[in-house]
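Examining the three-dimensional arrangement
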Amino acid sequence: MSAPRRPRRPIETRRSAAAVIATLAAVMGWLPGVAAAPPAESPVTIGVSLALTGPDARWGAPMLRGVELAVEDLNRGGGAGGHPLRTVVLDSAGPGLEGISRWRGMNNYERLIADPSVVAVVGPQTSGEGRAVAPLLSRAELATITPSATTFDVTDPSTRDRFRPGGRAVYFRTVGTGLAQGPAMARFAHDRLGVRRVVLVDDGTEFGVRIVETFARQADDLGITVLARKQIPWTEGDYRPRLRELKALNPQALYFAGNQPVGVKVARQVAEILPSVHRLAAETLYDRAFPIQAGAAADGWHVSNVAPDLAADAATAAWAERFQRRFGEAPSSYSLTAYTAVTVIGDAVARLAKRGRPITRAGLREAVEATRLPDSVQGPVSFDANGDLAHPVVSIYQVKSGAFVYVETVTGPAAARMPAPRARP
C-alpha cells in the first residue's frame, strides 16, 4: 500500500514564506543592490539619586529636569553613539520628608550597584551623601557625577584611602569644590575691587578654616596683605570686641568663611563696626535665608557660588530659555550642571561605541575620566586625576535690596587641594 500523498500547502502560505525570506534577505543584505539596515544599539542605563520630595526637592527636582532634558536631547539626536539613554531615578529624601538622608542615599547606591544594567550615576546631591557612598562606588568601579556636592575631602588625594579604596577616580563633579572659591574671591577682590589689605574670619569649622587658608594663599600670590586672621566660635553671640580689633588695622575688606548662622551674626555686627569695608563671603551665604535673616545688614556683601550663572553668557541664557519652555519654570545653576553630567556620560558612551568597545562600568569610568569637552553649554569640561573639574567656574554675586545680583564669573585653575591649617591667632 502506497504512502498517502502529503497535501500541498496553499499557494498563499508559500507566497508568505517567500515574502518572509525576501524581507530577511533585504534586511541582512543578501539581495544585490540592497544595503543591510544597521542594527539598533542596546540602551544604556544611567542611575539618578536626588532628593525629589521634602524640603531639599527645591534643589533636587530642578536637577532631575536638567537630567531629563539632556537625555531627551541626546536621544533625539540618535542616542549616545547610537545607544539610546534611559534612567533609573531614585529619591534620596529621608523618611518623613525631613530632608536628604545619608542612609537612604546609601540604599539608593546599593540598589544601583546591584543593577548590572546601570553603568553610571548622576548624583549625589549633597556632600554628606557623597562621603557615605564614595567607597561603595570605588569598590564597584561605578562612576558617579555630582552636579552639586562641593565639599573637597571626597576627591582630595590626602583622603584617598578613605574614599577611594579601589584606587581609581569614580567620583566626578561638574561643579567646582568649595576650595575653588577662596582663590576666586581673592582674585575678584584684587582685580575688581582693588583690595590690597584684608582681614580674614572663620568659624573654626574645617570648611571655614580651609577656605580661608586658600584665600590667604591666593592673596599672598597677588600681593594682598593679610592683616589678621580671626576665628569666631559659633557658640558666642557678641563678636564686636574682635571686630573692633580688626577695624583698628584699617582693612579694605573682610572675608568670611563658615556656617550660615555665624555668617548672619557676623553680617549684622560688621554693619555696625566695619560698615565701609568690602564684605566678602563663601557660598554658605549664597542662600535666600541670608538676606532674610540678616536684613539690611546683608546688603553690599559679595558672595561666591561654585557653579556657572545662567545669565553669564549667551549660551547659558539660551539654554535657560529652552529649559523654561520645556518645563514651564526657570532652571537653577545646578539644573545646568546636572545637564552637563549627562552630557559627559553620553560623550563617554559615544567614544566607547566609536572604538567598538563594550559599554561596561570600567570602560565608561575610564572614558569619563578622559573627558575633553571644550564647548559644553557651561563651558570647557575636563577632569583632573581625582575627578575634580580642571577649570572650575565660580560665580560672584552681590546682595542688593535683599536679592543676589550676578556680578562676575571667575574661572579657576586646577582645583585647589586641602592645605594644612595654620595656627590660629
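In short, a report on the structure.

We now examine the packing of helix α2 (residues 57-76) against helix α11 (residues 314-327). Two elements in contact, α2 and α11, have axes separated by 11 Å at closest approach and are oriented at 95°. With respect to α11, the element α2 is oriented roughly perpendicular. Contacts between α2 and α11 involve Pro62, Arg65, Gly66, Glu68, Leu69, Glu72 and Asp73 on the former and, on the latter, Trp319, Arg322, Phe323, Arg326 and Phe327. Looking at the contact of α2 with α11 residue by residue, the class counts come to 5 nonpolar, 1 polar and 6 charged.

Time to look at the packing of aromatic side chains. For the coordinates displayed, the defined rule picks out 10 aromatic pairs. Between Trp319 and Phe323, the ring centres sit 5.4 Å apart and the planes meet at 45°, which makes this aromatic pair tilted. A residue pair is termed a helical-turn pair when its members lie 3 or 4 positions apart in one helix, as Trp319 and Phe323 do in helix α11 at 4 residues. Of the two residues, Trp319 and Phe323, neither departs from the other in class, the shared state being buried. For the ring pair Trp319 and Tyr339, a centre distance of 5.4 Å and an interplane angle of 70° mean the geometry is edge-to-face. Here Trp319 is found in helix α11, whereas its partner Tyr339 is found in helix α12 (residues 333-354), with 20 residues between them in sequence. Through successive ring pairs, a cluster of aromatic residues spans Tyr286, Tyr397, Phe404 and Tyr406.

Right, let's talk about the sheet that holds strand β13 (residues 393-400) for a bit. Spatially, the 7 strands line up as an open sheet ordered β7-β6-β8-β9-β10-β13-β14, and their pairing is mixed. The strands lining the two open edges of the sheet, one partner per strand, are β7 (225-231) and β14 (403-411). For this sheet, the mean angle separating the axes of adjacent strands, direction not counted, is 25°. Where helix α6 (residues 181-191) meets the sheet, it contacts β8 (253-257), β9 (278-281), β10 (302-305), β13 and β14, and its direction lies at approximately 95° from that of β14. In the packing of helix α8 (residues 240-247) onto the sheet, contacts are made with β6 (197-202), β7 and β8, and the angle to β7 comes to roughly 170°.

This paragraph deals with the environment of Val399. Tracing the chain through its elements places Val399 in strand β13. For the pair Val399 and Ala296, spaced 103 residues apart in sequence, the C-alpha to C-alpha distance is 9.6 Å. Dropping the residues within four chain positions of it, Val399 is found in contact with Phe290, Pro291, Ala298, Asp299, Gly300, Trp301 and Phe404.

The sheet built from 5 strands is open, its strands ordered β2-β1-β3-β4-β5 with parallel pairing. Each edge of the open sheet carries a strand with a single partner, namely β2 (85-91) and β5 (171-173). With strand direction ignored, the average angle separating the axes of adjacent strands in the sheet is 25°. The strands touched by α12 are β1 (44-50), β2, β3 (118-122) and β4 (143-146); relative to β3, the strand with the most contacts, the crossing angle is about 155°. Each of β3, β4 and β5 touches helix α13 (residues 361-369); the most contacted strand, β3, lies at about 40° to it.

Here we take up the environment of Asp313. By the secondary structure assignment, Asp313 is in the loop between β10 and α11. Looking at Asp313, the relative accessible area reads 38%, which means it is partly exposed. The sequence separation of Asp313 and Gln378 amounts to 65 residues, and the corresponding C-alpha distance is 9.4 Å. Here the side chain of Asp313 touches Thr316 through a polar contact of 2.9 Å, landing on its backbone nitrogen.

What follows concerns the pattern of salt bridges. On inspection of all chains with the given rule, the structure shows 19 salt bridges. Between Lys230 and Glu245 there is a salt bridge whose closest N-O contact spans 2.7 Å. With Lys230 in strand β7 and Glu245 in helix α8, this pair connects stretches of sequence that are 15 residues apart. In this structure Lys230 comes out as buried when scored by relative accessible area, which is 19%. Accessibility expressed as a relative area gives 43% for Glu245, which makes it partly exposed. Among the ionic pairs, Asp238 bridges to Arg240, the shortest N-O distance being 2.9 Å. Given a relative accessible area of 36%, Asp238 falls into the partly exposed group. On the basis of relative accessibility, which here comes to 29%, the residue Arg240 falls in the partly exposed class.

Rules behind the numbers
Residues numbered from 1 in each chain as written. Predicted model: local features only at pLDDT ≥ 70, side-chain atom pairs only at ≥ 80, totals over all residues. Heavy atoms only, no water. Axes fitted to C-alpha atoms, helices over the stretch in contact; angles between N-to-C directions. Helix = DSSP H or I, 4+ residues; strand = E, 2+ residues; numbered from the N terminus. Parallel < 35°, antiparallel > 145°, perpendicular 65-115°, else oblique. Contact = heavy atoms within 4.5 Å. Nonpolar A, V, L, I, M, F, W, Y, C, P; charged D, E, K, R; others polar. Phe/Tyr/Trp six-rings, centres within 6.5 Å; stacked < 30°, edge-to-face > 60°. Buried < 20%, exposed > 50% of the residue type's maximum accessible area, 1.4 Å probe, protein only. Pairing = 2+ DSSP bridges. Polar contact = N/O pair within 3.5 Å; in protein donor to acceptor, adjacent residues only side chain to side chain. Salt bridge = Lys/Arg side-chain N within 4 Å of Asp/Glu carboxyl O.

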